[in-house]
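Letter by letter, the chains look like this.
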Amino acid sequence: MAVAAPVDGSVPNNNNNVNNTLFSRYLHTLKQTPHRLKKRVLATWTPEQESNEVRQRSGADMMRKLQWYDLVALGIGGMLGVGVFVTTGLVAHSKSGPAVFISYIIAGISALLSSLCYAEFSIHVPVAGGAFSYLRVTFGEFVGYFAGANILMEYVLSNAAVGRSFTEYISYTFGVEDPNSWRVEAVGLIKGYNMLDFPAVALILLLTLCLCHSTKESSLVNLLMTVFHVIFFGFIIAAGFYNGSASNLVKPSGLAPFGVKGVFDGAAIVYFSYLGYDSVSTMAEEITNPSKLLPVGIIGSVMSVSVLYCLMALSLCFMVPYNEIMENASFAIAFQKIGWKWAGNIVGAGASLGIVASLLVAMLGQARYLCVMGRSGLVPAWLAKVHPSTGTPLNATLFLGFCTAAIALFTDLKIVIELISIGTLVVFYLVANALIYRRYVIVSKNPPWKVLAFLFLISTTSLGFSVSWKHNQQNLLCILFIAMTLGITTLYSYIVPRLRQPSELWGVPFMPWPPAISIFLNVFLMTTLKKLSYLRFGIWTCLITIFYVMYGVHSTYLAEEVKIKENTDDRQLAEPKHIKNNGPSKV
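Small disclaimer: the values here were computed from a predicted structure and weren't measured. (Residues numbered from 1 in each chain as written. Predicted model: local features only at pLDDT ≥ 70, side-chain atom pairs only at ≥ 80, totals over all residues. Heavy atoms only, no water.)

**Describing the overall build of the protein**
For step 1, the next point in the chain: Check the secondary structure of the protein and you find 21 helices and two strands.
For step 2, the next point in the chain: In the protein, which comprises 587 residues, the proportion classed as buried is 54%.
For step 3, the next point in the chain: The contacts of the protein with a sequence gap of at least 6 include a subset with a gap of at least 24, amounting to 83%.
For step 4, the next point in the chain: Summed over its atoms, the accessible surface of the protein is roughly 26,000 Å², and 68% of this surface lies on carbon and sulfur atoms. (Helix = DSSP H or I, 4+ residues; strand = E, 2+ residues; numbered from the N terminus. Buried < 20%, exposed > 50% of the residue type's maximum accessible area, 1.4 Å probe, protein only. Contact = heavy atoms within 4.5 Å. Areas by Shrake-Rupley, 256 points an atom, 1.4 Å probe, with all protein chains shown as cover.)

Here's what the structure looks like:
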């Protein structure tokens with residue numbers, strides 16, 4: 001139908017009319033926010049819906065080609081990055097002394113407990129969403145979104161920072177000591193953002209193109225790099241023990257010169273060398289047999305890395321006394337002290353290779369998180385598409401690759417490191433809570449209030465212990481809070497019944513102890529972070545909450561609630577009239 005021209009003869013501005021209409025519709029949508037929040041915040045999916053109905057929104061399926069050795073290599077590659085080279089010297093010199101290997105054991109136990117929780121969830125919810133999907137099917141849409149947004153933030157920022165550290169270590173490989181020698185200073189930008197890192201950008205973009213092509217081929221590349229990296233670790237360990245002396249473990253002030261507190265404080269720092277194993281869980285849709293292979297990949301990689309880290313820390317303390325270990329480039333300088341200057345170049349080369357493998361695995365994981373969030377409607381659905389020929393989440397990979405490269409061009413490592421740490425620990429804490437809730441409420445059908453009360457008490461006693469420890473009240477108060485934690489968990493395990501897992505499915509043993517201890521350790525590690533990290537985390541939480549309220553909840557409401565209503569109406573219209581006369585149909 002033709003549109004009448006205005007009386008004054010002017011041409012109507014159709015663009016303005018369309019914009020005004022869209023804006024008015026959006027304002028009308030915002031008025032419904034309270035109702036939609038009520039509907040969607042606690043909305044959950046079943047594991048079957050996540051694995052079938054939701055997964056189909058990506059169009060093509062991801063290709064199932066990965067085997068157990070691919071998963072173990074991906075887990076090891078994701079963890080054997082720059083962390084051990086950055087944290088070991090710092091902790092040995094000023095926190096734990098020669099007992100730094102004990103700090104790694106404590107951190108490894110914490111990582112193993114968290115990995116057990118991930119392993120069980122990955123069997124029952126075998127989709128690429130990792131912690132996002134696990135929490136969405138347990139605690140509802142908003143908690144899942146909160147975890148997914150934090151994991152994505154951790155991935156993008158840490159990948160950008162690690163990409164910049166690649167430039168530093170590759171310069172050490174060629175004997176250049178100035179870490180900024182391969183960067184370009186931009187006049188006019190503030191400090192921390194003024195050193196442009198083009199090698200880091202080139203590396204990230206190259207890995208992005210590799211990941212777009214094929215997951216299996218990317219996994220093979222990672223497998224080769226991981227094998228060489230493990231050999232490199234073996235060289236450092238063997239050289240350290242060969243040239244060192246066991247007497248350095250007790251000189252000059254004993255095995256733990258800073259006391260028990262120093263050992264545990266050191267564990268909080270070296271724990272972040274273990275981050276990366278959760279990437280394995282995001283490969284669930286690309287594994288030939290996820291229910292059997294995922295636990296092997298997740299747990300096997302954590303245990304392998306724990307052994308390597310402990311031996312690395314011991315070899316460093318064998319070479320030189322703890323008070324002579326340098327906080328920066330500790331392994332390279334230790335080799336110089338024993339007369340092996342050429343080995344410093346090998347350390348730089350090996351660390352560079354580890355960074356590439358770590359980046360590859362982390363970028364695999366981040367794209368799959370975003371892909372599954374796109375399926376749910378929390379971010380634009382364009383990001384959920386899987387390319388039919390490559391079987392990879394192409395759009396999500398490209399989008400996050402360019403975001404990571406843009407941040408890596410400007411941002412210094414120190415600016416984002418603590419924001420990364422707290423976001424990851426919060427997600428691990430939530431996953432441990434979710435596993436207990438799932439086992440005792442969703443599976444065993446206990447009243448939710450009993451389980452929620454237990455989770456609240458465990459978190460409270462864990463926080464009490466952590467605050468007491470931080471303020472040097474290690475005696476009576478710490479013992480009291482530990483006794484309360486043990487007593488509450490013991491009482492809960494006897495009072496609240498739990499159904500056993502089906503024999504064909506693997507589950508975390510000795511419930512609820514492993515996730516309860518994981519909750520305790522994650523709370524403890526979070527309290528070791530500085531106040532500034534909590535401020536930054538609070539700002540990030542506000543930003544993602546605003547995005548959810550302004551976009552996410554409305555998108556998922558239209559995708560789920562309206563769609564369900566339309567399907568119900570269609571079914572009722574399609575039914576014969578004589579059926580409708582017998583009463584309302586049950587849908």
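**Observations regarding unusual backbone geometry**
For step 1, the next point in the chain: In this model, Lys251 is joined to Pro252 through a cis peptide bond whose omega is 0°.
For step 2, the next point in the chain: Residue placement: Pro252 occurs in the loop between α10 (215–243) and α11 (259–270).
For step 3, the next point in the chain: Cis peptide bonds are those with omega within 30 degrees of zero, and the linkage from Met511 to Pro512 qualifies with 0°.
For step 4, the next point in the chain: Of note, Pro512 is situated in the loop between α18 (476–495) and α19 (513–526).
For step 5, the next point in the chain: One non-glycine residue, Lys445, lies in the positive phi region at around 65°.
For step 6, the next point in the chain: Within the secondary structure, Lys445 sits in the loop between α16 (413–443) and α17 (448–470).

**Examining empty space enclosed by the protein**
For step 1, the next point in the chain: Taken as a whole, this structure holds two cavities of 30 Å³ or more when the rule is applied.
For step 2, the next point in the chain: A volume near 50 Å³ is recorded for the second largest cavity.
For step 3, the next point in the chain: Together, Ile106, Ala107, Ser110, Phe264, Ala267, Ala268, Leu521, Phe524 and Leu525 line the second largest cavity.
For step 4, the next point in the chain: Contributing elements (two or more residues each) for the lining of the second largest cavity: α6 (100–124), α11 and α19.
For step 5, the next point in the chain: Residue composition of the lining of the second largest cavity, grouped by class: eight nonpolar, one polar and no charged. (1 Å grid on protein atoms, 1.4 Å probe; cavity = no way out; pocket = protein on both sides within 12 Å on 5 of 7 lines; lining within 4 Å. Points joined across faces, edges and corners; volume = space filled by probe spheres on them. Nonpolar A, V, L, I, M, F, W, Y, C, P; charged D, E, K, R; others polar.)

**Things to note about the environment of Ala405**
For step 1, the next point in the chain: For Ala405, the location among the structural elements is in helix α15 (residues 394–410).
For step 2, the next point in the chain: Ala405 gets classed as buried once you look at its relative accessible area, which sits at 5%.
For step 3, the next point in the chain: Ignoring any residue separated from it by four or fewer positions in sequence, one finds Ala405 in contact with Val201, Ile204 and Leu205.

**Describing the layout of surface pockets**
Empty pockets left among the atoms are what a rolling probe the size of a water molecule brings to light.
For step 1, the next point in the chain: Taken as a whole, the second largest pocket holds about 420 Å³ of empty space.
For step 2, the next point in the chain: As for the second largest pocket, its lining consists of 19 residues, and the residues nearest its centre are Ala149, Leu152, Met153, Leu400 and Trp540.
For step 3, the next point in the chain: Breaking the lining of the second largest pocket down by element, the ones donating at least two residues are α8 (141–173), α14 (342–376), α15 and α20 (531–574).
For step 4, the next point in the chain: It is α8 that contributes the most residues to the lining of the second largest pocket, six residues altogether.
For step 5, the next point in the chain: Residue composition of the lining of the second largest pocket, by class: 19 nonpolar, no polar and no charged.

**Overview of the packing of α6 against α19**
For step 1, the next point in the chain: With their axes 9 Å apart at the nearest point, α6 and α19 run at an angle of 130° to one another. With respect to their mutual orientation, α6 and α19 come out oblique. Once α6 is placed against α19, the crossing between them reads as left-handed. Two secondary-structure elements touch here, α6 through Ser110, Leu113, Ser114, Leu116 and Cys117 and α19 through Pro514, Pro515, Ile517, Ser518, Leu521, Asn522 and Leu525.
For step 2, the next point in the chain: Grouping the constituent residues of the contact of α6 with α19 by class yields eight nonpolar, four polar and no charged. (Axes fitted to C-alpha atoms, helices over the stretch in contact; angles between N-to-C directions. Parallel < 35°, antiparallel > 145°, perpendicular 65-115°, else oblique. Left-handed = near helix turned anticlockwise from the far one by under 90°.)

**Things to note about the pattern of salt bridges**
For step 1, the next point in the chain: Taken as a whole, this structure holds five salt bridges when the rule is applied.
For step 2, the next point in the chain: In this structure, the salt-bridge partner of Arg40 is Glu141, at a minimum N-O distance of 2.8 Å. Of this pair, Arg40 sits in helix α2 (residues 33–40) while Glu141 sits in helix α8, and the two are 101 residues apart along the sequence.
For step 3, the next point in the chain: Assessed through its relative accessible area of 5%, Arg40 is described here as buried.
For step 4, the next point in the chain: Here Glu141 falls in the buried class, since its relative accessible area comes to 0%.
For step 5, the next point in the chain: Across the pair Arg438 and Glu120 runs a salt bridge, and its minimum N-O distance is 3.7 Å. Placement of Arg438 in helix α16 and of Glu120 in helix α6 is noted, with a sequence separation of 318 residues between them. Glu120 shares its class with Arg438; the two are buried.
For step 6, the next point in the chain: Taken together, the shared-partner salt bridges in this structure form one network comprising Glu120, Arg438 and Arg439. (Salt bridge = Lys/Arg side-chain N within 4 Å of Asp/Glu carboxyl O.)

**A word on the environment of Tyr429**
For step 1, the next point in the chain: Positionally, Tyr429 belongs in helix α16.
For step 2, the next point in the chain: Sequence separation between Tyr429 and Val523 is 94 residues, and the spatial gap between their C-alpha atoms is 7.3 Å.
For step 3, the next point in the chain: If we ignore the near neighbours within four places in the chain, the residues touching Tyr429 are Ser459, Ile519, Asn522, Val523 and Met526.

**With respect to the confidence of the model for the protein**
For step 1, the next point in the chain: Looking at the protein, pLDDT values average 80 and 85% of them are 70 or higher.
For step 2, the next point in the chain: Predicted confidence in the protein is weakest over helix α21 (residues 577–580), with a mean pLDDT of 44, and strongest over α17, with 92.
For step 3, the next point in the chain: Taken together, the stretch residues 1–9 has pLDDT below 50 and engages in one contact with residues farther than four places along the chain or on a different chain.
For step 4, the next point in the chain: Scored below 50 in pLDDT, residues 577–587 shows seven contacts in the model against residues more than four places distant or in partner chains. (pLDDT = per-residue confidence, 0-100.)

**Comments concerning the packing of helix α5 (residues 83–94) against α11**
For step 1, the next point in the chain: Interhelical geometry of α5 versus α11 gives an angle of 165° and a closest axis separation of 9 Å. It follows that α5 is roughly antiparallel to α11 by the angle criterion. As for the relative orientation of α5 and α11, their crossing is right-handed in sense. Across from Thr87, Leu90 and Val91 in α5, the residues of α11 making contact are Gly266, Ile269 and Val270.
For step 2, the next point in the chain: Broken down by class, the residue content of the contact of α5 with α11 amounts to four nonpolar, two polar and no charged.

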